[in-house]
Amino acid sequence: MLSTNDYLKFITEQVIKFMDTPKEERKVQRKKRKSENPSFLNVWFGIIPFSIALSIKKRKKRTQ
């Protein structure tokens, strides 16, 4: 169990680490994480939620 001081120290380190990384690098890391890990919906519920999410994304891209 972490003490309050340890927890605050950990959170502070994570926030500073996040703020120090450039925005473009964070975007690249986020895309890499998403591509490596399968979607929660796809893993638990199969292809149907995936297809629905894909069609919603396509609609959003068309309207933009």
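Here, the structure is the one placed above.
Residues numbered from 1 in each chain as written. Predicted model: local features only at pLDDT ≥ 70, side-chain atom pairs only at ≥ 80, totals over all residues. Heavy atoms only, no water.

**Describing the overall build of the protein chain**
From N to C terminus, the protein chain includes four helices and zero strands. Listing each helix as α and each strand as β along the protein chain from the N terminus yields α-α-α-α. For the protein chain, the C-alpha radius of gyration of 18 Å lies well beyond 11 Å, the compact-globule estimate for 64 residues. Taken over 64 residues, the protein chain has a buried fraction of 5%. (Helix = DSSP H or I, 4+ residues; strand = E, 2+ residues; numbered from the N terminus. Rg over C-alpha atoms; globule rule 2.2 N^0.38 Å. Buried < 20%, exposed > 50% of the residue type's maximum accessible area, 1.4 Å probe, protein only.)

**Remarks on the environment of Pro-38**
Relative to the helices and strands, Pro-38 resides in the loop between helix H2 (23-36) and helix H3 (40-45). Placed 14 residues apart in sequence, Pro-38 and Glu-24 show a C-alpha to C-alpha distance of 23 Å.

**Overview of a nonpolar patch on the surface**
Judged by side-chain polarity, Leu-2, Tyr-7, Phe-10, Ile-11, Val-15, Phe-18 and Met-19 come together as a nonpolar surface patch covering roughly 720 Å² of accessible area. Here Tyr-7 shows up in helix H1 (residues 4-20). (Patch = residues over 30% accessible without salt bridge, like charges linked within 9 Å, V, L, I, M, F, W, Y side chains within 5 Å. Areas by Shrake-Rupley, 256 points an atom, 1.4 Å probe, with all protein chains shown as cover. Salt bridge = Lys/Arg side-chain N within 4 Å of Asp/Glu carboxyl O.)

**Side note on the packing of aromatic side chains**
Scanning the model with the defined rule gives zero aromatic pairs in all. Sitting over the face of the ring of Phe-18, Arg-26 holds its NZ or CZ atom 4.4 Å from the ring centroid. (Phe/Tyr/Trp six-rings, centres within 6.5 Å; stacked < 30°, edge-to-face > 60°. Lys NZ or Arg CZ within 6 Å of the ring centre and 35° of its normal.)

**Section: a positive patch on the surface**
Taken together, the side chains of Lys-23, Lys-27, Arg-30, Lys-31, Arg-33, Lys-34, Lys-57, Lys-60 and Lys-61 define a basic patch exposed on the protein surface. At the level of secondary structure, the elements contributing two or more residues to the positive patch comprise H2 and helix H4 (47-63). Within the secondary structure, Arg-30 is located in helix H2. (Lys, Arg positive; Asp, Glu negative; His and termini not counted. Charge placed at Lys NZ, Arg CZ, Asp CG, Glu CD.)

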